[in-house]
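# Descriptive analysis of the structure
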Amino acid sequence: MTTRAVVIGAGHYLPERIVENAEFEKTLDTTDEWIRARSGIERRHFAAEGQTTSDLACRAARNALADAGLEPDDIDAIVLATSTADLTFPSAATMVQAQLGMTRGFAFDVQAVCAGFIYALTNANALIVSGQAKRVLVIGAETFSRIMDWTDRSTCVLFGDGAGAVVLEARNGSGNNADRGILSTDLNSDGRYRDLLYVDGGVSTQSTGFLRMEGKEVFRHAVEKLAATATTALDKIGMTSADIDWVVPHQANIRIIKGTAKKLDLPMEQVIVTVQDHGNTSAASIPLALSVGKQRGQIREGDVLVTEAIGGGLAWGAVVLRW
Ligand code: UT7
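Residues numbered from 1 in each chain as written. Predicted model: local features only at pLDDT ≥ 70, side-chain atom pairs only at ≥ 80, totals over all residues. Heavy atoms only, no water.

Before going further, it helps to spend a moment on the sheet that holds strand β5 (residues 106–110). Within a sheet, each strand pairs with its neighbour through backbone hydrogen bonds, oriented either parallel or antiparallel. Strand order in the open sheet formed by 5 strands is β1-β7-β6-β4-β5, with mixed pairing between adjacent strands. In this open sheet, the two strands that pair with only one neighbour each are β1 (2–13) and β5. The average undirected angle you get between the axes of adjacent strands in this sheet is 20°. Examined bridge by bridge, β1 and strand β7 (residues 161–173) share 11 bridges and lie antiparallel to one another. In the sheet register, Ala5 faces β7, and the bridge partner there is Ala170. Relative to β1, helix α10 (residues 285–295) is tilted by about 85°, and along the sheet it contacts β1, β6 (135–143) and β7. (Pairing = 2+ DSSP bridges. Helix = DSSP H or I, 4+ residues; strand = E, 2+ residues; numbered from the N terminus. Axes fitted to C-alpha atoms, helices over the stretch in contact; angles between N-to-C directions. Contact = heavy atoms within 4.5 Å.)

Considered domain by domain, the protein chain is made up of domain 1 (2–173) and domain 2 (181–322). One C-alpha centre belongs to domain 1, the other to domain 2; they are set 14 Å apart. Each partner contributes to the interface: domain 1 provides 52 residues, whereas domain 2 provides 50 residues. Buried surface at the junction of domain 1 and domain 2, summed over both partners, amounts to about 3900 Å²; 64% is from carbon and sulfur atoms. Summed over the three residues of domain 1 that lose the most area to domain 2, namely Cys114, Ile118 and Ile147, the buried surface amounts to 16% of that side. Linking domain 1 with domain 2 are 3 salt bridges, by the criterion used here. Between Lys294 and Asp67 there is a salt bridge, with its nearest N and O atoms 2.5 Å apart. Put simply, domain 1 and domain 2 have 18 residue pairs in polar contact (both at pLDDT 80 or more) between them. Sorting elements by how many residues they give to the side of domain 1 that touches domain 2 places β1 first, with 8 residues. (Domains from an automatic or database assignment. Buried area = accessible area lost by both parts, 1.4 Å probe. Salt bridge = Lys/Arg side-chain N within 4 Å of Asp/Glu carboxyl O. Polar contact = N/O pair within 3.5 Å; in protein donor to acceptor, adjacent residues only side chain to side chain.)

With that settled, the discussion passes to the packing of aromatic side chains. Under the definition given, this model contains 3 aromatic pairs. Ring centres of Phe106 and Phe108 lie 6.4 Å apart, and the angle between their planes is 5°; this geometry places the pair in the stacked category. Overall, the relative accessible area of 33% leaves Phe106 in the partly exposed class. Exposure remark for Phe108: the relative accessible area of 27% places this residue in the partly exposed category. (Phe/Tyr/Trp six-rings, centres within 6.5 Å; stacked < 30°, edge-to-face > 60°. Buried < 20%, exposed > 50% of the residue type's maximum accessible area, 1.4 Å probe, protein only.)

Attention shifts here to the packing of helix α3 (residues 53–68) against helix α4 (residues 92–100). Close contact between α3 and α4 brings their axes to 9 Å; oriented N to C, the two are set at 55°. When the axes of α3 and α4 are compared, the pair comes out oblique. As α3 runs across α4, the sense of the crossing is right-handed. Residues Ser54, Asp55, Ala57, Cys58, Ala61, Arg62 and Leu65 of α3 form the contact with α4, whose participating residues are Ala92, Met95, Val96, Gln99 and Leu100. Partitioning the contact of α3 with α4 into residue classes produces 8 nonpolar, 2 polar and 2 charged. (Parallel < 35°, antiparallel > 145°, perpendicular 65-115°, else oblique. Left-handed = near helix turned anticlockwise from the far one by under 90°. Nonpolar A, V, L, I, M, F, W, Y, C, P; charged D, E, K, R; others polar.)

What follows covers helix α2 (residues 32–39). Residues separated by three or four positions in an α-helix point in the same direction, a consequence of the helix having 3.6 residues per turn. Buried residues of α2: Asp32, Ile35 and Ser39, and no others. Projected down its long axis, α2 shows its buried positions confined to an angular sector of 80°, all on one face. Check the buried side of α2 and you find it contacts α1 (22–25), β3 (43–46), α8 (254–263) and α9 (275–278). (Arc of directions from axis to C-beta.)

In structure tokens, the structure reads:
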């Protein structure tokens, strides 16, 4: 008998304020056409004044718990992926724990920027497989609008705020690929590329700082590394892209998403795409896409999914699961 971490619920939350590309034309030398053509983004959501990452995370978590038919005290652990925690410490995860009224278990943040949810899922899977937790709430939540340089047209038009969450539960499986749950994971990072995408502030500068990105270079790494990590994760369990029902990619740029699908030899009809409505929500983008894909009726129980992401670090990885 093998223990599997099975997704039993998904949910998301997007802040009310929607900003269309055209709004940036008022303050920047940019156009709706350029943003759509170069990134596929049409609009994004921005958090209201005072609305924090843990607020968004908590709303997504409640929706995921409702979808799973569970209460906060049914959960043993919260793993929250974010690079925009409300404060330097404590973790946003403990803030969510308190907001949910959860008085048992444990909660912690994972920081791997846009690959954060892949890292969080991998950690949560390990907690379940090793018997340390039976049910884990895995959240990706971000307020990247707080770290945008609004004068930098090459970055500020790309990002958005939001949160998504899934509930993982320990279930018995047979140990083969027919099991529901997480089947394979692959994590990578290479700190030599840390200057390609970073925030120029933090504890060492006593300021929050702004996101800085060498977009073209990150793009080049993304197309090459995302297909490679997805293929490695599939290889580990003797699967190929022919076994996949859905690719659920990090939503940074439609051209990266299409390039990766092409490398995996999969048509866009098998890719969950939300980038046009959410922009790049960093660690929130994959759980948002999972929840939206489920709500749209695209992702169904028994489907094989590959999720993949890359971001600052560089850090990247993939998870294969049967929904
Ligand atoms: O989530 C973490 C991972 N991040 C990513 O995956 C992002 C990866 N990178 C990208 O998605 C793309 O590189 C971008 C969307 C950021 C940029 O697209 P690009 O095709 O690589 O454009 P570029 O940076 O080469 O810029 C082309 C031109 C430049 O002008 P020149 O030098 O050719 O005269 C830029 O200055 O477009 C200019 N440009 C803009 N023009 C209008 C840059 N930003 C804008 C803008 N509006 N907002």
